[in-house]
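So the chains spell out like this:
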Amino acid sequence: MITAIASLTILGAILGLILGVAARVFRVEGNALVAELTDILPGSQCGQCGFPGCSGAAQALAEGHAPVTLCPPGGRAVALALAAKLGVEADVSGVQDARPMIAEVREELCIGCTRCFKVCPTDAIMGAAQQIHSVFREACTACGKCEAVCPTESITLQPVQLTLHAWYWHKPVTQTTIAA
Amino acid sequence: MSEYLLLLLSTALVNNVVLVKFLGLCPFMGISKKMDTALSMGLATTFVITFTTAGSWLLEHWLLIPLGIEYLRILTYILVIAAVVQFTEMVIRKVSPPLYQVLGIYLPLITTNCAVLGLPLLNVQEKSGFAVSLIGGFGSSVGFTLVLVLFAGMRERIALASVPPAFSGAPIAFITAGILALAFMGFAGLVPH
């Protein structure tokens, strides 16, 4: 028993050490700018920009293939932050400052087809086949994918009602937004 | 020497790991759409299998048997396999980022390729020596690569052919794989038993 535990532990430690050294030797110096841009983007991998996920979008931004206004869920704040990071002028007039939206299920129309929760990138929709689905408000990023696949138009993005529970302090005004 | 050559031939063709033993079918179906990716996948798997068969043999005979803990065999082998795959992933990511992108999820999934675990276990079962294990592992993975590339070439041609709708996609791929397996049975007479 002790030998088994000890030998496997030592084996694991040795292999881990080798891998750790290899990770140092074969480290990939990723583009630092891409990493920073990825941090600015929301990270929900919703794909509304047309790129495969936020890291793909950040790659395209860094190479200059995409406008800074590419991210609909990010809205004006993300567009301005991206423009500041890349040092380009951003025309944010076309960017809707996204009002906080949230997906809502109209229960009388939902047929329980499960299509919406299969596409949800944040697993914000709960439900099972033939059961009325519902949305976890905290997890929904309002990416709109569920709206697109719903066959009965039962799930739609609705503005969040301003209640005591839904009200937040505004985010602090950062240096980038003042500069813009 | 000729004995080892025969072993290489027999593991690569006669007892082909994919088409005769039916191990490692996941990458066989998953990564065989394009020939060059199939070749890279085959080479990555060859590297992993060769190292794991050698590593597992050493661990089996220097660690598991002396300590009498043969019941930890699968666990130990998986540990070695995972480490080698991780290492391969790091190297490929460093050396060839486009290949890393193309192989995608199938690269870490070499870990769960049953051929990689199956070959060391078969070596134990047959009580092979170190050289036989190593050459057998290498030969089997060469056979894997060969079959993967052959199959990818066929699928590239099938993609251009007009396949009846009922058979298009996965069904025709499975049928092709079956016919290829039948063809490989023809090698059975190549090596005298």
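All figures in this text were calculated on a predicted structure; none of them were measured in a lab. (Residues numbered from 1 in each chain as written. Chains lettered and ligands numbered in written order. Predicted model: local features only at pLDDT ≥ 70, side-chain atom pairs only at ≥ 80, totals over all residues. Heavy atoms only, no water.)

Asks: Sorry, what's going on with the packing of helix α3 (residues 35–67) of chain B against helix α4 (residues 73–95) of chain B here?
Replies: Working note: a packed helix pair is described by the angle between its axes plus the distance between those axes. All names here are of chain B. In contact at an axis separation of 9 Å, α3 and α4 are set at 145° when each is read in the N-to-C sense. Between α3 and α4 lies a crossing of right-handed hand. Contact residues: α3 offers Ala-44, Phe-47, Val-48, Phe-51, Thr-52, Ser-56, Leu-59, Glu-60 and Leu-64, while α4 offers Arg-73, Thr-76, Tyr-77, Val-80, Ile-81, Val-84, Val-85, Phe-87, Thr-88 and Ile-92. Split into classes, the residues belonging to the contact of α3 with α4 amount to 13 nonpolar, four polar and two charged. (Axes fitted to C-alpha atoms, helices over the stretch in contact; angles between N-to-C directions. Helix = DSSP H or I, 4+ residues; strand = E, 2+ residues; numbered from the N terminus. Left-handed = near helix turned anticlockwise from the far one by under 90°. Contact = heavy atoms within 4.5 Å. Nonpolar A, V, L, I, M, F, W, Y, C, P; charged D, E, K, R; others polar.)

Asks: Just checking my understanding: could you explain the packing of aromatic side chains for this structure?
Replies: All names here are of chain B. For the structure shown, the criterion picks out five aromatic pairs over all chains. With a centroid separation of 4.4 Å and 20° between ring planes, the pair formed by Phe-28 and Phe-151 is classed as stacked. Highlighted residues: Phe-28 in helix α2 (residues 25–30) and Phe-151 in helix α7 (residues 130–160), separated in sequence by 123 residues. With relative accessibility at 1%, the residue Phe-28 sits in the buried group. Phe-151 gets classed as buried once you look at its relative accessible area, which sits at 0%. (Phe/Tyr/Trp six-rings, centres within 6.5 Å; stacked < 30°, edge-to-face > 60°. Buried < 20%, exposed > 50% of the residue type's maximum accessible area, 1.4 Å probe, protein only.)

Asks: What am I meant to see in the confidence of the model for chain B here?
Replies: Parts of the model with low pLDDT should not have their predicted coordinates read in detail. Residues and elements named next belong to chain B. With 98% of its residues at a pLDDT of 70 or more, chain B has an overall mean of 88. For chain B, per-element mean pLDDT is lowest for helix α5 (residues 97–103), which scores 76, and highest for α7, which scores 92. Two summary scores accompany this predicted model of the complex, namely pTM at 0.61 and ipTM at 0.75. (pLDDT = per-residue confidence, 0-100.)

Asks: How should the interface of chain A and chain B be read in this particular structure?
Replies: When the parts come together, some accessible area is lost, and that loss is often what is quoted as the size of the interface. Contacts between the two partners involve 14 residues from chain A, matched on the other side by 17 residues from chain B. Contact between chain A and chain B buries roughly 1,300 Å² in total, counting both sides, with carbon and sulfur atoms accounting for 85%. Interface area lost by chain A to chain B is led by Leu8(A), Leu19(A) and Phe26(A), which between them contribute 39%. Across the contact surface, chain A and chain B share one residue pair in polar contact (both at pLDDT 80 or more). Each residue belonging to the side of chain A that touches chain B can be placed in one class, and the counts come to nine nonpolar, three polar and two charged. (Buried area = accessible area lost by both parts, 1.4 Å probe. Polar contact = N/O pair within 3.5 Å; in protein donor to acceptor, adjacent residues only side chain to side chain.)

Asks: Please clarify how the nonpolar core should be interpreted in this entry.
Replies: Inside soluble globular proteins, nonpolar side chains tend to come together where they are buried. Ranked by size, the top nonpolar core spans 49 residues in total, and within it Leu19(B), Phe28(B) and Ile110(B) carry the most contacts. Every element with two or more residues in this core is listed here: α1 (2–25) of chain A together with α2, α3, α4, α6 (114–125), α7 and α8 (170–185) of chain B. Once residues lying within four places of it in the same chain are set aside, the contact partners of Phe28(B) are Val18(B), Leu19(B), Val147(B), Leu148(B), Phe151(B), Ala177(B) and Leu180(B). (Core = buried A, V, L, I, M, F, W, Y, C linked by side-chain atoms within 4.5 Å.)

Asks: What is the right way to read helix α3 (residues 53–63) of chain A from this model?
Replies: Because each turn of an α-helix spans 3.6 residues, side chains separated by three or four positions in sequence point in the same direction. Listed in full, the buried residues belonging to α3(A) are Gly53(A), Cys54(A), Gly56(A), Ala57(A), Ala58(A), Ala60(A) and Leu61(A). Once α3(A) ends, the next one or two residues include Gly64(A), with phi positive near 80°.

Asks: Any chance you could explain the pattern of salt bridges here in plain terms?
Replies: Two side chains with opposite charge may pair up if their charged atoms get near one another. Residues and elements named next belong to chain A. Inspection of the entire model under this criterion finds three salt bridges over all chains. Across the salt bridge formed by Glu-36 and Lys-85, the nearest N and O atoms sit 2.6 Å from each other. Within this pair, whereas Glu-36 is found in helix α2 (residues 32–40), its partner Lys-85 is found in helix α4 (residues 75–86), the two being separated by 49 residues in sequence. With relative accessibility at 37%, the residue Glu-36 sits in the partly exposed group. Among the ionic pairs, Glu-108 bridges to Arg-106, the shortest N-O distance being 3.7 Å. (Salt bridge = Lys/Arg side-chain N within 4 Å of Asp/Glu carboxyl O.)

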